[in-house]
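Chains, contacts and geometry: an overview
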Amino acid sequence: MTRPAHLVRRFFGSLRPRPLDAADVELVRSALRPGELACWQDLGPADRAESVATARAVLAACPDAEARWVAAALLHDVGKAQTGFGVVRRSGATALALGFRSARGWSGPVGRYVNHDELGANRLRQAGARPEAVVWAAAHHRPELWPSTGIPLEFCRILAVADGETIRQ
């Protein structure tokens, strides 16, 4: 799936997120430590549903995945909760920032949203999250950082594909 198609699918899915069922809640509770769970609980309903879908996709690709990788999948977008943007504003910020490598340096709300990965990594670090969750939150949209995360590159690819990213070989 192309990045724009992924974003369009995610937008419409965010308008009416799938409610989490008991099995989803159990997956989250069994994979996350207390500080991590607190970060996850800050997410809105659409982001929670997306995080569970990402974790389930990781488990489908790697059924014996360790809890640290499931936690990384569940927590990769926790920085979005700190941006103060709802679905429509986030979509607008994404559309505005697409194609601008300089968007990471923008001040203001759009720059803050574009940097949700760093916001999330800082939040997770403060919460005492596992190092794998912290580094994946920081690097999940930036493949050039993957080699420095300490996460095996093949698992970076699994995490990214589970999140709907297109991986270029």
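Structural data are supplied above this passage.
In this report, we go over the structure that sits alongside the text.

About the cut-offs
Residues numbered from 1 in each chain as written. Predicted model: local features only at pLDDT ≥ 70, side-chain atom pairs only at ≥ 80, totals over all residues. Heavy atoms only, no water. Core = buried A, V, L, I, M, F, W, Y, C linked by side-chain atoms within 4.5 Å. Buried < 20%, exposed > 50% of the residue type's maximum accessible area, 1.4 Å probe, protein only. Helix = DSSP H or I, 4+ residues; strand = E, 2+ residues; numbered from the N terminus. Contact = heavy atoms within 4.5 Å. Axes fitted to C-alpha atoms, helices over the stretch in contact; angles between N-to-C directions. Parallel < 35°, antiparallel > 145°, perpendicular 65-115°, else oblique. Left-handed = near helix turned anticlockwise from the far one by under 90°. Nonpolar A, V, L, I, M, F, W, Y, C, P; charged D, E, K, R; others polar. Polar contact = N/O pair within 3.5 Å; in protein donor to acceptor, adjacent residues only side chain to side chain. Phe/Tyr/Trp six-rings, centres within 6.5 Å; stacked < 30°, edge-to-face > 60°. Lys NZ or Arg CZ within 6 Å of the ring centre and 35° of its normal.

Within the largest apolar cluster, 38 residues are counted, with the highest numbers of intra-cluster contacts made by Trp-40, Leu-74, Leu-75 and Phe-155. Per-element tally for this core: the top contributor is helix α5 (residues 67–75), with seven residues. When near neighbours in sequence (up to four residues on either side) are disregarded, Phe-155 contacts Val-58, Cys-62, Ala-65 and Trp-69.

For the pair helix α4 (residues 45–61) and helix α10 (residues 153–162), the least separation of the axes is 8 Å and the interaxial angle reads 130°. Viewed along their axes, α4 and α10 adopt a mutual orientation that is oblique. For the element pair α4 and α10, the recorded crossing hand is right-handed. Listed contacts from α10 to Thr-54, Ala-57, Val-58 and Ala-61 of α4 are Phe-155, Ile-158, Leu-159 and Ala-162. In terms of residue class, the contact of α4 with α10 is made up of seven nonpolar, one polar and no charged.

As a further point, take the environment of Trp-40. Secondary-structure assignment places Trp-40 in helix α3 (residues 34–41). By relative accessible area, which is 5% here, Trp-40 ends up buried. Residues Trp-40 and Asp-77, 37 residues apart in the sequence, show an inter-C-alpha distance of 8.8 Å. Contacts of Trp-40, omitting those with residues within four sequence positions, involve Leu-20, Val-28, Leu-32, Arg-48, Ser-51, Val-52, Leu-74, Leu-75 and Val-78. Polar contacts involving the side chain of Trp-40 include one to the side chain of Ser-51, which spans 2.7 Å.

Glancing now at the environment of Asp-24. In this structure, Asp-24 sits in helix α2 (residues 22–31). Expressed as a C-alpha distance, the spacing of Asp-24 and Arg-56, which sit 32 residues apart in the sequence, is 9.0 Å. Excluding its chain neighbours within four sequence positions, the residues that come into contact with Asp-24 are Arg-18, Pro-19, Val-52 and Arg-56.

Attention now moves to the side chain of Glu-132. Structurally, Glu-132 is set in helix α9 (residues 131–139). A polar contact is formed between the side chain of Glu-132 and the side chain of Arg-68, at a distance of 2.9 Å. Not counting residues within four places of it along the chain, the set of residues in contact with Glu-132 comprises Arg-68, Trp-69, Ala-72 and Ile-151.

Below, the discussion takes up the packing of aromatic side chains. Taken as a whole and judged by the stated rule, the model has two aromatic pairs. Their ring planes at 45° and their centres at 5.6 Å tell us that Trp-136 and Trp-146 sit as a pair that is tilted. Taken together, the positions of Trp-136 in helix α9 and Trp-146 in the loop between α9 and α10 put the pair ten residues apart, joining distant regions of the chain. Owing to a relative accessible area of 7%, Trp-146 belongs among the buried residues under this scheme. Between Arg-48 and the ring centre of Trp-40, over which it is positioned, the NZ or CZ distance is 5.0 Å.

To continue, consider the side chain of Ser-51. Looking at the secondary structure, you find Ser-51 in helix α4. Of the residues examined, Ser-51 reaches a relative accessible area of 2% and is grouped as buried. Within the local environment of Ser-51, its side chain forms a polar contact with the backbone oxygen of Arg-48, the two atoms lying 2.8 Å apart. The contact partners of Ser-51, leaving out residues within four places of it in the chain, are Trp-40, Ala-73 and Leu-74.

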